[in-house]
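Structural characterization, general
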Amino acid sequence: WCRVFIVFDVWVRFLLNIKNKLQTFKIELMFFSDIIMEQTDTFGVRLLWALHLMIVVTLLGLFFVPKSLVPQINSIHLSYTLWVALSQAFWGVLMIKIKKRFTIVCPLTTMMQYLRGYSPTDARNYEHSFIVEFLDRYNISLTHKTINIMMYVILGLVVARYLWF
């Protein structure tokens, strides 16, 4: 326990040091929010944004973890991808009452848009994509449907990797 406490203490001191340096230079800590976040976003929206970012980076980053480093990486990646895809599909089923047809909907996006003040019945709640919003900040335009197709392609690649590699 002493080692755990020491590691925790070192991380806290390290993060506080970084926070103080960033505040000194007037740079916001939360993912350089002046670049990729709207200035009106609340703490809850920023938290969901960070969670989205971690999920997407992990989903794509697991493609680059070699099997020699983690022998079970294919199973881990498949489980993680299925968790992401099925949670979106399940939420899409629940949103059928609102939208009157099925489409994959990320529950985090719905929560984020709700915190921004959009009603659950508003199209911006179920026809919005974190990835589209993120890429728009860098002048890369994709549609919500393109992101859904990419999710199916990623799921197919992960299944193929699991079955054949």
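Residues numbered from 1 in each chain as written. Predicted model: local features only at pLDDT ≥ 70, side-chain atom pairs only at ≥ 80, totals over all residues. Heavy atoms only, no water.

1. So, the packing of aromatic side chains
Scanning all chains against the criterion turns up five aromatic pairs. Between the aromatic rings of Tyr80 and Trp83, the centroid separation amounts to 5.9 Å while the plane-to-plane angle is 35 degrees, which identifies the pairing as tilted. With Tyr80 and Trp83 both in helix H4 (residues 73–94), this residue pair falls three residues apart, about one helical turn. Aromatic rings pair up to connect Trp49, Phe130, Phe134 and Tyr138 into one cluster. (Phe/Tyr/Trp six-rings, centres within 6.5 Å; stacked < 30°, edge-to-face > 60°. Helix = DSSP H or I, 4+ residues; strand = E, 2+ residues; numbered from the N terminus.)

2. Some thoughts on helix H9 (residues 144–164)
Look at H9: 30 Å from first C-alpha to last across 21 residues, which is about the 30 Å you get at 1.5 Å a residue. Taken together, the buried positions of H9 are occupied by His144, Ile147, Asn148, Met151, Ile154, Val158 and Arg161. Here the buried residues of H9 occupy an arc of 140 degrees about the axis, which is enough to place them on one side. Turned more than 90 degrees off the buried face of H9, the exposed positions are Lys145, Ile149, Leu163 and Trp164. Where H9 is buried, its residues contact helix H3 (43–61), H4, helix H7 (123–126) and helix H8 (130–136). (Expected span 1.5 Å × (residues − 1). Buried < 20%, exposed > 50% of the residue type's maximum accessible area, 1.4 Å probe, protein only. Arc of directions from axis to C-beta. Contact = heavy atoms within 4.5 Å.)

3. Comments concerning unusual backbone geometry
The phi torsion at Asn139 lies on the positive side, around 60 degrees, for a residue other than glycine. Exposure remark for Asn139: the relative accessible area of 74% places this residue in the exposed category.

4. Here's the deal with helix H6 (residues 107–115)
Residues of H6 that are buried: Pro107, Leu108, Thr109, Thr110, Met112 and Gln113. For H6, the elements touching its buried residues are H3, H4, H7 and H8. Phi for Gly117, located one or two positions after H6, is positive at around 105 degrees.

5. Brief notes about the packing of H3 against H6
It is at 9 Å that the axes of H3 and H6 come closest, and there the two elements cross at 160 degrees. Considered as vectors, H3 and H6 are oriented roughly antiparallel to each other. At the point where H3 passes H6, the crossing takes the left-handed sense. Note on element contacts: H6 touches H3 through Leu108, Thr109, Met111, Met112 and Leu115, opposite Gly44, Val45, Leu48, Trp49, Leu51, His52 and Ile55. Residue composition of the contact of H3 with H6, by class: nine nonpolar, three polar and no charged. (Axes fitted to C-alpha atoms, helices over the stretch in contact; angles between N-to-C directions. Parallel < 35°, antiparallel > 145°, perpendicular 65-115°, else oblique. Left-handed = near helix turned anticlockwise from the far one by under 90°. Nonpolar A, V, L, I, M, F, W, Y, C, P; charged D, E, K, R; others polar.)

6. As for the confidence of the model for the chain
Overall, the prediction assigns the chain a mean pLDDT of 80, with 78% of residues at 70 or greater. Helix H2 (residues 33–36) is the least confidently modelled element of the chain, averaging 46 in pLDDT, while H4 averages 92, the highest of any element. With pLDDT under 50 throughout, residues 25–36 is counted as low confidence; its partners more than four residues away or in other chains account for 21 contacts. (pLDDT = per-residue confidence, 0-100.)

7. A look at the nonpolar core
Counting 19 residues, the largest nonpolar core has Ile55, Leu59, Tyr80, Val84, Leu108, Met112 and Met151 as the members making the most contacts within it. When contributions to this core are tallied by element, the ones reaching two or more residues are H3, H4, H6 and H9. Take this core: its biggest share by element is six residues, from H3. Here Met112 is in contact with Val45, Leu48, Trp49, His52 and Glu133, once residues within four sequence places are set aside. (Core = buried A, V, L, I, M, F, W, Y, C linked by side-chain atoms within 4.5 Å.)

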